[in-house]
Amino acid sequence: MMNYDYTKINRLNSPNNYMYSVYQGNKFFDFYFQDRIKKIKSLQDRKYEKYQQKLKLSIYPRVNKFLNKILVKKFSNDLLLKSLNYNIKKKIDVDKQYRFKPLSSFSIRKEVKIECLLLSIINSQLIQKNTKLVKFWLDFLVQRFEVKKKIYPSYKVNFRKGKGDSNIASLYLMLAISLILFFCSTKKIKYMNTLLKLSDLICSLDTKHLVKFVSKDTLSLILLIELLNIKLILKKNIKSKKNYAFK
Amino acid sequence: MHLNKIGMILADTYRTKCYLRALIKNKLSVNYALILLNSKNTIIAGQKKITSKNEIVKLLKEAKINFEVINNTNINDNKVIERIKKRSEKVFIFSGYGGAILKEKILNIEKNFLHVHGGYLPDYKGSTTNYYSLINENKLGASAIFLTKDIDSGPILLRKKFAAPKNRKLIDYKYDSEIRSRVLISCLKTYISLKKWKFEKKNNLGGETFFIIHPVLKHLAILSNRKIT
């Protein structure tokens, strides 16, 4: 593999296992950056706006506002961000507060509905509460995703076996939201690891299909923050004489 | 020194060859080895290339270890379990194919399976953990454990940390196997001198479980030469 092939084919149908991945040198980072930037640019296309009105999930504007704050606070002077013409000053309206099931009401001894659980986790992360419970549930979700490379709408007792259709794009995006929020608050590389795999999977899906089911602004923000965090880590830790994208 | 209560279960991998070379170098031999032969023409995780079993056979003969070959790569297969069950050795050094997890049916046959995990336990459980420890502390680790049903959570016989190698591109097939071999030999030498298994840490609970490293982070671990900030 001399390219960024992890997003080339639909990874819901053909999951990556990432085992013994081949070392490609510094230029591999360029392939990664180009691939993510291509997706971010494709999501900015105005023709997709019409699909976004129909999205039901109320959490998206709140997430976007939170992620946008991170972007402004940490990366507003980043040249890569500027080159993408991404509008970080865009006004985001958060219409009303919705009620979420308390995170403490979920139990692995009962069947768990994943959309409800993820909404509660994300809500806790946005209000910065229940940190231990957030990690508890996130670790279960990370484990399930890493083993099967799928997320199911519900999990049976003991959180081992998934049930239902594993092709629901919004569930993958919601886990990605939770992971980016967790990484930003803890800097634990384990969560960036799973986020990179989830982003690969989401980016491998056709944009035309994706925008019908997920917020393109939320997805763009996640990909941007992931990319800029990786860029920052590389800049601080890798010496390179060549002018790679992260320089 | 011949260890007559110890056997080995061996996949055709670089790690197995490393273990056998280390035994030969330290003049140690075990009583028996079972080779799990990959007779298909496809590479299994942990194999860099398909080789004939001859290289392993040559090393086993050099180490004066009696062996059998089974055309089966699955440690949990009943035919493999039956072969191990009927042996007299109580402890088997396990060097299987990548990602092989021993299920309860083999763990319940009243044998102990000595595995050297590539990572310092209990801090680094799971897969490819040495890349994570390079990122977090610029070190590699290896831990000898007896396998239990909970992954990487069996009692720790011995664990060691190692300095990061100069050429990090060779971690997967070279350094990872070499540091595991060093821990294995130290562990066996302690067993010989004490005439029993010594446990450095019986309680191996807690720690963090990691999953196969993403290529972006793997490249970061290889190309950086210090703890990541």
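Refer to the structure above for everything that follows.
Structure report, in brief. (Residues numbered from 1 in each chain as written. Chains lettered and ligands numbered in written order. Predicted model: local features only at pLDDT ≥ 70, side-chain atom pairs only at ≥ 80, totals over all residues. Heavy atoms only, no water.)

### Remarks on the overall build of chain A
Of regular secondary structure, chain A possesses 10 helices and 3 strands. Sequence-ordered secondary structure for chain A, helices as α and strands as β, is α-α-α-α-β-α-α-β-β-α-α-α-α. By the compact-globule yardstick of 18 Å for 247 residues, chain A fits well, its C-alpha radius of gyration being 18 Å. Its C-alpha atoms put chain A at 55 × 45 × 35 Å along the principal axes. Counting the 247 residues in chain A, one finds 55% classified as buried. Within chain A, contacts between residues separated by at least 24 positions form 75% of all contacts whose residues are at least 6 apart in sequence. When the accessible surface of chain A is split by element, carbon and sulfur atoms take 51% of a total near 12,300 Å². The distance from the centre of the 52 positive side-chain charges to the centre of the 17 negative ones in chain A is 5 Å. (Helix = DSSP H or I, 4+ residues; strand = E, 2+ residues; numbered from the N terminus. Rg over C-alpha atoms; globule rule 2.2 N^0.38 Å. Buried < 20%, exposed > 50% of the residue type's maximum accessible area, 1.4 Å probe, protein only. Contact = heavy atoms within 4.5 Å. Areas by Shrake-Rupley, 256 points an atom, 1.4 Å probe, with all protein chains shown as cover. Lys, Arg positive; Asp, Glu negative; His and termini not counted. Charge placed at Lys NZ, Arg CZ, Asp CG, Glu CD.)

### Some thoughts on the pairing of strand 4 (residues 91–95) of chain B
All names here are of chain B. Along strand 4, 5 of the 5 residues are buried, which leaves the element largely enclosed by surrounding structure. Of the strand pairs in this sheet, strand 1 (residues 2–11) and strand 4 are connected by 5 bridges, and their pairing is parallel. The partner of Ile6 across the bridge, within strand 4, is Val91. (Pairing = 2+ DSSP bridges.)

### Looking at the sheet that holds strand 4 of chain B
Residues and elements named next belong to chain B. Strands sit in the order 3-2-1-4-5-7-8 across an open sheet of 7 strands; the sheet is mixed. On the outer flanks of this sheet lie strand 3 (66–70) and strand 8 (156–163), each paired with one strand and no other. Taken over all neighbouring pairs, the strand axes of this sheet differ in orientation by 20° on average, direction set aside. With 3 bridges joining them, strand 4 and strand 5 (residues 112–117) adopt parallel strand pairing. (Axes fitted to C-alpha atoms, helices over the stretch in contact; angles between N-to-C directions.)

### Some points on helix 6 (residues 171–194) of chain B
In a regular helix each residue adds 1.5 Å, so 24 residues correspond to 34 Å; helix 6 of chain B covers 33 Å between its end C-alpha atoms and thus fits that length. One or two residues past the end of helix 6 of chain B sits B:Lys195, with phi positive at roughly 60°. (Expected span 1.5 Å × (residues − 1).)

### Description of the interface of chain A and chain B
How big an interface is tends to be stated in terms of accessible area lost as the parts join. Taken together, the contact between chain A and chain B spans 34 residues of the former and 30 residues of the latter. Its largest share of buried area at the contact with chain B, chain A owes to A:Tyr20, A:Tyr23 and A:Asn237, together 27% of the area lost on that side. Remark: the boundary between chain A and chain B carries 2 salt bridges. In this structure, B:Glu208 and A:Lys190 form a salt bridge, with 2.9 Å as the shortest nitrogen-oxygen distance. Taken together, the links from chain A to chain B amount to 12 residue pairs in polar contact (both at pLDDT 80 or more). For the side of chain A that touches chain B, the secondary-structure elements that each account for two or more residues are helix 1 (27–43), helix 6 (131–148), helix 8 (189–203) and helix 10 (216–237) of chain A. Top contributing element to the side of chain A that touches chain B by residue count: helix 8 of chain A, with 8 residues. In terms of residue class, the side of chain A that touches chain B is made up of 19 nonpolar, 8 polar and 7 charged. (Buried area = accessible area lost by both parts, 1.4 Å probe. Salt bridge = Lys/Arg side-chain N within 4 Å of Asp/Glu carboxyl O. Polar contact = N/O pair within 3.5 Å; in protein donor to acceptor, adjacent residues only side chain to side chain. Nonpolar A, V, L, I, M, F, W, Y, C, P; charged D, E, K, R; others polar.)

### Observations regarding a positive patch on the surface
Positive charge collects at one region of the surface, where A:Lys50, A:Lys54, A:Lys208 and A:Lys212 lie side by side. Residue position: A:Lys208 is located in helix 9 (residues 207–210). (Patch = residues over 30% accessible without salt bridge, like charges linked within 9 Å, V, L, I, M, F, W, Y side chains within 5 Å.)

### Points about unusual backbone geometry
Residues and elements named next belong to chain B. Cis geometry is found at the peptide bond from Leu121 to Pro122, where omega equals 0°. Summarising the element assignment, Pro122 is placed in the loop between strand 5 and strand 6 (124–126). Unusually for a residue other than glycine, Lys195 sits at a positive phi of about 60°. Relative to the helices and strands, Lys195 resides in the loop between helix 6 and strand 9 (208–210).

### Focus on the pattern of salt bridges
Taken as a whole and assessed by the stated rule, the structure comprises 25 salt bridges over all chains. Of the charged contacts, one joins A:Glu146 and A:Lys197 as a salt bridge, the two residues approaching to 2.6 Å between their closest N and O atoms. Linking A:Glu146 in helix 6 with A:Lys197 in helix 8, this pair joins segments that are 51 residues apart in sequence. Pair check on accessibility: A:Glu146 and A:Lys197 agree, each one buried. For B:Lys17, the salt bridge identified is with B:Glu55, shortest N-O distance 3.5 Å. Here B:Lys17 is found in helix 1 (residues 14–25), whereas its partner B:Glu55 is found in helix 2 (residues 54–62), with 38 residues between them in sequence.

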